[in-house]
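Residues per chain are reported as follows:
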Amino acid sequence: MRIVAALGGNAILRRGEPLTTARQRDNLSLAARALAALADAGEIVVTHGNGPQVGLLALQAAAAEDGRPTPLDVLDAESEGMIGYELELALRNALPGRSVATLLTQVVVSLDDPAFTRPTKPIGPVYGAEHARELASAHGWDIAPDGDGLRRVVPSPEPLRIVELHAVEALLAAGCIVVCAGGGGIPVAETGGRLEGVEAVIDKDLASALLAEQVAADRLLLITDVAGVLLGFGGPAPRLVRETSPDELRRLSLAPGSMGPKAEAACRFVERTGGTAVIGPLEGCGGMIDGSVGTIVRRTGIPSLRMPR
Ligand SMILES: Nc1ncnc2c1ncn2[C@@H]1O[C@H](COP(=O)(O)OP(=O)(O)O)[C@@H](O)[C@H]1O
Ligand SMILES: [Mg+2]
């Protein structure tokens with residue numbers, strides 16, 4: 001069985017935690033131990049988020065470069081390297097004897113994507129209103145509300161094609177667990193046969209769905225910090241959706257910056273490939289393979305989950 005497991009940013013940095021290397025390393029080590037439960041199921045591709053990290057790298061770069069901004073594609077690549085290294089190390093330690101390889105991954109987007117005129121993707125820390133406005137005018141950022149504060153927002157175009165697809169296939173064929181498409185990958189535009197980096201951050205759930213489709217995965221696992229899709233989320237008695245179809249899932253109105261993209265990613269993968277997607281928690285994520293954990297998304301009329309080959 002071929003599995004694409006998309007690791008939520010909360011597994012790398014929990015809400016409200018300061019972004020320190022030590023904290024990130026501890027969290028990734030816990031995440032790797034949880035992901036190890038998937039290793040016997042077959043070929044594994046791991047993707048991950050980068051929202052807090054890419055924003056922090058932008059601040060560090062601005063300080064070092066005397067205020068001149070470093071392009072976001074370069075920061076995306078830095079975050080893929082930084083998180084990929086820590087995750088690869090942790091996976092090797094959690095799974096002695098398994099090969100793990102991290103791949104910088106470029107993802108083609110269209111320069112005509114309406115996202116470029118409407119930045120929506122929050123990156124970096126949450127700031128108080130005054131501090132956020134100061135930073136926005138100093139760096140030319142767009143900012144938008146997030147929880148109690150404000151965050152920088154950047155364009156998040158649709159992922160269209162994974163550039164390194166053949167390299168991912170080759171690494172899987174060589175028996176590696178592949179860490180790739182971190183933070184949704186590095187956005188690039190294709191003009192006249194040439195690739196060029198683009199200032200944006202691609203949604204990692206949508207990039208993971210595209211990757212899962214393009215590597216013909218059997219399962220797409222969207223791993224996060226909740227039991228799955230909850231009805232009445234935030235209310236007194238939330239209820240887990242155990243199993244659903246893309247049509248049903250699309251009818252729920254889910255939060256655009258968090259559960260929404262996961263549901264959309266699951267729907268796209270299931271609709272386009274006939275495979276199964278599962279949205280569920282990091283702890284016990286092994287149960288997302290046999291269907292005992294999370295929200296299972298599949299086409300209606302498809303019999304229950306097969307156990308791994
Ligand atoms: N209907 C819902 N069911 C479950 N979680 C939801 C729902 N709506 C919003 N959420 C939020 O979605 C979060 C997961 O998405 P997100 O914060 O983007 O995490 P990740 O880093 O895993 O991508 C949960 O922690 C929860 O706060
Ligand atoms: Mg998210």
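What you see is a predicted model; the values in this text were computed from it and never measured. (Residues numbered from 1 in each chain as written. Chains lettered and ligands numbered in written order. Predicted model: local features only at pLDDT ≥ 70, side-chain atom pairs only at ≥ 80, totals over all residues. Heavy atoms only, no water.)

1. Looking at the overall build of the protein
Then comes step 1: Summing up its helical and strand segments, the protein has nine helices and 17 strands in all.
Then comes step 2: Taken over C-alpha atoms, the radius of gyration comes to 19 Å for the protein, in line with the 19 Å a tight globule of 309 residues would show.
Then comes step 3: In terms of overall dimensions, the protein has C-alpha extents of about 55 × 50 × 45 Å along its principal axes.
Then comes step 4: When burial is assessed residue by residue, the protein has 52% of its 309 residues classed as buried.
Then comes step 5: Look at the contacts in the protein between residues 6 or more apart in sequence, and 74% of them connect residues 24 or more apart.
Then comes step 6: Summed over all atoms, the accessible surface of the protein reaches about 13800 Å², with 53% contributed by carbon and sulfur. (Helix = DSSP H or I, 4+ residues; strand = E, 2+ residues; numbered from the N terminus. Rg over C-alpha atoms; globule rule 2.2 N^0.38 Å. Buried < 20%, exposed > 50% of the residue type's maximum accessible area, 1.4 Å probe, protein only. Contact = heavy atoms within 4.5 Å. Areas by Shrake-Rupley, 256 points an atom, 1.4 Å probe, with all protein chains shown as cover.)

2. Points about the site of ligand 1
Then comes step 1: Taken together, 18 residues sit near ligand 1, with Gly9, Arg15, Thr224, Asp225 and Lys262 positioned nearest.
Then comes step 2: Here Gly9 contributes a backbone N or O atom positioned 2.8 Å from an oxygen atom of ligand 1.
Then comes step 3: For ligand 1, the accessible surface in isolation is 570 Å², of which the surrounding protein chains cover 86%. (Near = heavy atom within 4 Å. Polar contact = N/O pair within 3.5 Å; in protein donor to acceptor, adjacent residues only side chain to side chain.)

3. Considerations on the pairing of strand β11 (residues 194–197)
Then comes step 1: For strand β10 (residues 186–191) and β11, the ladder comprises four bridges, and the chain directions are antiparallel. Bridge pairing links Val188 to Gly197 in β11. (Pairing = 2+ DSSP bridges.)

4. Side note on the pattern of salt bridges
Then comes step 1: On inspection of all chains with the given rule, the structure shows 15 salt bridges.
Then comes step 2: Ionic pairing is found between Glu158 and Arg268, a salt bridge with its closest N-O pair at 2.8 Å. With Glu158 in the loop between β7 (149–154) and β8 (161–162) and Arg268 in helix α8 (residues 259–273), this residue pair connects regions lying 110 residues apart in the sequence.
Then comes step 3: Classification of Glu158 as partly exposed rests on a relative accessible area of 32%.
Then comes step 4: With its nearest N and O atoms 2.8 Å apart, the salt bridge here joins Glu264 to Arg268. With Glu264 and Arg268 both in helix α8, this residue pair falls four residues apart, about one helical turn.
Then comes step 5: Taking relative accessible area as the criterion, Arg268 reaches 14% and is therefore assigned buried.
Then comes step 6: A single network of salt bridges, built from pairs that share partners, joins Glu158, Arg250, Glu264, Arg268 and Glu271. (Salt bridge = Lys/Arg side-chain N within 4 Å of Asp/Glu carboxyl O.)

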